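# Structural overview for review
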Amino acid sequence: MIICADDYGLSDDVDRAILGLCGLGRLSAVSCMVALERCGADALQQLLEYQVDIGLHLSLADETLPRAADAAINRSPPHFPAYGNFLRRALLGRFGAKESCLQVSAQYELFLKKCGRRPDFIDGHLHVHQLPGVREGLIEFVQSLPANTRPYLRNTREPLRNLWRERLPWLKAALIGALGTRMVGRLRAAGLLTNDGFAGVYDFRHWRRYPEYFPRFVACLSDRNGILVVHPGSQEAWRRQEFATLRECKFNSGTLHRFQDRVPSAAKS
């Protein structure tokens, strides 16, 4: 199982929480918002001290994000559009693969510049990398990279039967999982690496139940490359609860893994 903390670079409290959990061995992957000016080389160098996968957390939408001040992404709008507007545009087919490919390329280059190495994986803030148009541009960009340097790409597919079996909240997960089902099909058809299983989705308003949800999320993931996504921090109550739960959790030896390369199932036949 991979436990991946999203939103590194969003704020000081998020970064401190993630680094603390890395030091305790509670994480095996961290996804970084390099499009944000504050997610700089110094912050990323601190992550390199730990044995975790380090990924690119594509930032394309969310009105709450700071302005993207880096000159390297001037091809992008000067601010991140509201998620609702971005989602509507994508679902209506108004976000083209070419536009997406340019934005992915710009943020990928920022990652190289700030981190000094290639990302191990790519995903998206609010899972926007799976939206129509965006996913095609992302796949096009990753296929343009030399085969031995391609990162793995996240999908959010998790069978509903697993959520029902573990008595987990399923409506939000089902909506996000539907995008993941389409995404995983495209990735495997393209011969690109991706995870097998995804958990960690719930309504943040119910953060008090997170200690109850956490072991059930773990139980959903039977594959070594299954991803449990987490969002630790100290400012918002739900982030504090996730941090506290992760800090106190114990894993059996061999439970937590970094991504392990495999031949995509489409390429096996």
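Quantities reported herein were computed from a predicted structural model and do not represent experimental measurements.

Conventions used here
- All residue numbers refer to positions counted from 1 along the written sequence of the respective chain.
- Local features in this predicted model are restricted to residues of pLDDT 70 or higher, and side-chain atom pairs are both shown and tallied only at a pLDDT of 80 or more, whereas totals for entire chains, interfaces and linings draw on every residue.
- Just so you know, side-chain values use all the structure's heavy atoms and leave hydrogens and water out.
- Each Phe, Tyr or Trp ring (for Trp, its six-membered ring) is paired with any other whose centre lies within 6.5 Å, and the angle between the two planes then decides the class: stacked below 30 degrees, edge-to-face above 60, tilted in between.
- A helix here means a DSSP run of H or I that spans at least four residues, while a strand means a run of E at least two residues long, and both kinds are numbered starting from the N terminus.
- Residue burial is assigned from relative accessible area. The probe radius is 1.4 Å, only protein chains are included, and a residue is buried under 20% of its type maximum, exposed over 50%, and partly exposed in between.
- Look at NZ for Lys and CZ for Arg. If either is within 6 Å of the ring centre and within 35 degrees of the ring normal, a charge sits over the ring.
- Under the convention used throughout, the expected extent of a helix is 1.5 Å for every residue step, that is, one less than its residue count.
- Two residues form a contact once any of their heavy atoms are found within 4.5 Å.
- Axis lines are fitted to C-alpha atoms, over the contacting stretch for helices. Their N-to-C directions set the angle, which ranges from 0 to 180 degrees.
- Oblique is the label for any angle not covered by the other classes, which are roughly parallel (under 35 degrees), roughly antiparallel (over 145) and roughly perpendicular (65 to 115).
- We call Asp, Glu, Lys and Arg charged. Ala, Val, Leu, Ile, Met, Phe, Trp, Tyr, Cys and Pro are nonpolar, and the rest, Gly among them, are polar.
- The term polar contact refers here to a pair of N or O atoms within 3.5 Å; inside protein, the definition further demands a hydrogen-donor-capable atom paired with an acceptor-capable atom, and it admits residues adjacent in sequence only when both atoms are side-chain atoms.
- A residue's pLDDT is the confidence the predictor assigns to it, expressed on a 0 to 100 scale.

## Structural notes on the packing of aromatic side chains
By the definition in use, this model includes 12 aromatic pairs. Between the aromatic rings of Y202 and Y213, the centroid separation amounts to 5.9 Å while the plane-to-plane angle is 55°, which identifies the pairing as tilted. Taken together, the residues Y202 in the loop between strand 6 (198-199) and helix 8 (210-220) and Y213 in helix 8 connect sequence positions 11 residues apart. In this pair, the class of Y202 matches that of Y213, namely buried. Taking the centre distance of 3.9 Å and the plane angle of 15° together, the rings of F204 and W238 count as stacked. Of the two residues, F204 is situated in the loop between strand 6 and helix 8 and W238 in helix 9 (residues 237-248); the sequence distance between them amounts to 34 residues. According to the relative accessible area criterion, F204 is partly exposed, its value standing at 26%. With a relative accessible area of 15%, W238 lands in the buried category. Ring-pair connections join several aromatic residues into one group, and the members of that group are Y202, F204, Y210, Y213, F214, F217 and W238. Stacked on the ring of F204, the Lys or Arg K172 has its end atom at 4.3 Å from the ring centre.

## Looking at helix 9
A rise of 1.5 Å per residue sets the reference length of helix 9, with its 12 residues, at 16 Å; its end C-alpha atoms lie 17 Å apart and thus fit the reference within 8%. Burial in helix 9 covers these residues: W238, R239, Q241, E242, F243, T245 and L246. Tucked inside the fold, the buried residues of helix 9 contact strand 1 (2-8), helix 1 (12-23), helix 8 and strand 7 (227-230).

## Thoughts on the packing of helix 1 against helix 9
Packed helices, taken two at a time, are described by the angle between their axes plus the distance between the axes. It is the contact of helix 1 with helix 9, at a shortest axis distance of 10 Å, that shows an interaxial angle of 10°. Classed by the angle they form, the pair helix 1 and helix 9 counts as roughly parallel. Across from V14, A17 and L21 in helix 1, the residues of helix 9 making contact are R239, F243, L246 and R247. Its residues assigned to classes, the contact of helix 1 with helix 9 shows five nonpolar, no polar and two charged.

## Section: the side chain of E166
Here E166 shows up in the loop between helix 6 (160-165) and helix 7 (171-189). The buried category is assigned to E166, whose relative accessible area is 17%. One polar contact links E166 to R165, side chain to side chain, over a distance of 3.0 Å. Dropping the residues within four chain positions of it, E166 is found in contact with R216, A219 and C220.

## Some thoughts on helix 4 (residues 97-115)
With 19 residues, helix 4 extends 26 Å from end C-alpha to end C-alpha; this agrees with the ideal 27 Å at 1.5 Å per step. Among all positions of helix 4, only S100, C101, Q103, V104, S105, A106, Q107, Y108, L110, F111, K114 and C115 are buried. On the buried face of helix 4, the contacting elements are helix 2 (41-47), strand 3 (53-58), strand 4 (121-124) and helix 5 (134-143). In the stretch just after helix 4, G116 is the one whose phi turns positive, near 80°.

## Observations regarding the confidence of the model for the protein chain
When pLDDT is averaged along the protein chain, the result is 88; 85% of the residues meet or exceed 70. Counted against residues more than four places away or in other chains, residues 265-269, with its pLDDT under 50, gives four contacts.

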